[in-house]
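One letter stands for each residue in the lines below.
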Amino acid sequence: MASASIGLASKLSNLRKSNFISSSDLTHDQIISLFELSKQLKFGNRRIDLGNRVLGLIFKKASTRTRVSFQVAMARLGGQTVDLNPQLTQLGRGEPIKDTARVLSRYCDVLAIRTFSQGELEEYAQWSTIPIVNALTDLEHPCQALADYLTIQEKFNQLKGINLTYIGDGNNVANSLMICGAMLGVNVKICSPNGFEADSKIVEKAKSLSKFGSKISISNDPLLAVKEAQVIYTDVWASMGQEKEQLKRKEIFDKYQIDQNLIKLAGEDAILLHCLPAHRGEEITDEAFESKNSSIFDQAENRLHVQQALLAVQLGGL
Ligand code: CP
Ligand code: NVA
């Protein structure tokens, strides 16, 4: 156990003080080691006390899972969080990111930021002297993808060669699933309506990071895409910030709803994932959501364990 711990520490040592703003910020080996640490923390085989470190939370969008799992992760590591609500700080009155980042670096040990533009996050990373963690942008949701693939690894005891089909909007969640999946050797199919496909630059990036023969593909026919899927994944049709398009999208995405028929096409043993929050009756039926195939709450739980592992490593706790 002692030498295994030392091995893990050396494999993860490069992540100390590092940013995590894109799924591509981690290598295959680092992700696998993070999963190892996540499981040790999850099953109580390891305790890490960072001393009284502080995580600042800057959330410009609503959140239940990300916010609470970060708060609980920090508490379990013996640290604390401070809520830097943009409306109550000078950020809401236009104080520049380059000043905010330098000031907060003097108080906090790490920042988790949920915002619209990925560029904003990159600006924080450029000016701060503490790690920046992407808690969701319009482009990526890398903490979510880590929890998703940890869940898949736990369910199938492997990642390489697993077939994951994501059905729905080619959004932030789809983007991180492609990048992270490509590095882990997972075959990721993203199936969306015409005009709502994933960002082509991200598709190319994912393909360029592909390992162990992972195939990344984009298509438009859910009935074909779901065949041979071991994991079926979906997310809301209108993300935060797209509320005005919700009605229009409901019509366009009509054929992309996950229901029992679609699950049957994949096979009895396929698991169903959703990053949550879910809109039952839109991207997923209540029956599918509550079916025996659903691993959605195991997936939500894993947000806590991977983020606790990530923070422990970034803050030098190993
Ligand atoms: N999945 C996810 O990020 O959930 P929250 O928006 O509740 O944080
Ligand atoms: N795609 C969704 C994910 C929510 C966790 C959104 O950005 O709103």
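Residues numbered from 1 in each chain as written. Chains lettered and ligands numbered in written order. Predicted model: local features only at pLDDT ≥ 70, side-chain atom pairs only at ≥ 80, totals over all residues. Heavy atoms only, no water.

(A) Main features of the packing of aromatic side chains. Taken as a whole, this structure holds five aromatic pairs when the rule is applied. Pairing Y166 with Y233 gives two aromatic rings, centres 5.8 Å apart and planes at 35°, and the pair type is tilted. Here Y166, found in strand β5 (residues 163–167), pairs with Y233, found in strand β8 (residues 231–234); they are 67 residues apart in sequence, far enough to count as distant. A residue is classified by how much of its surface remains accessible, and Y166, at 0% relative accessible area, is buried. With centroids separated by 5.9 Å and ring planes inclined at 75°, the aromatic side chains of F289 and F297 adopt a geometry described as edge-to-face. Here a set of aromatic residues connected by ring pairs shows up, and it is made of F196, W237, F253 and Y256. Sitting over the face of the ring of F212, K211 holds its NZ or CZ atom 5.9 Å from the ring centroid. (Phe/Tyr/Trp six-rings, centres within 6.5 Å; stacked < 30°, edge-to-face > 60°. Helix = DSSP H or I, 4+ residues; strand = E, 2+ residues; numbered from the N terminus. Buried < 20%, exposed > 50% of the residue type's maximum accessible area, 1.4 Å probe, protein only. Lys NZ or Arg CZ within 6 Å of the ring centre and 35° of its normal.)

(B) Representation of the site of ligand 1. All residues adjacent to ligand 1 are S63, T64, R65, T66, R114, H141, Q144, C275, L276 and R303. A distance of 2.9 Å separates a nitrogen atom of ligand 1 from a polar atom in the side chain of Q144. In this structure, a nitrogen atom belonging to ligand 1 sits 2.9 Å away from a main-chain N or O atom of L276. Within the complex, 96% of the 250 Å² of free accessible area of ligand 1 lies under protein. (Near = heavy atom within 4 Å. Polar contact = N/O pair within 3.5 Å; in protein donor to acceptor, adjacent residues only side chain to side chain. Areas by Shrake-Rupley, 256 points an atom, 1.4 Å probe, with all protein chains shown as cover.)

(C) Quick peek at the pattern of salt bridges. With the rule as written, the count across this model stands at twelve salt bridges. Between K42 and E154 there is a salt bridge whose closest N-O contact spans 3.0 Å. Highlighted residues: K42 in helix α2 (residues 28–42) and E154 in helix α6 (residues 142–156), separated in sequence by 112 residues. One salt bridge in this structure joins D286 and R280, with 2.7 Å as the shortest N-O distance. For R280, a relative accessible area of 42% corresponds to the partly exposed category. Among the ionic contacts, a cluster of salt bridges with common partners joins D169, E245 and R249. (Salt bridge = Lys/Arg side-chain N within 4 Å of Asp/Glu carboxyl O.)

Treat this as a map of the structure, not an account of what it does.
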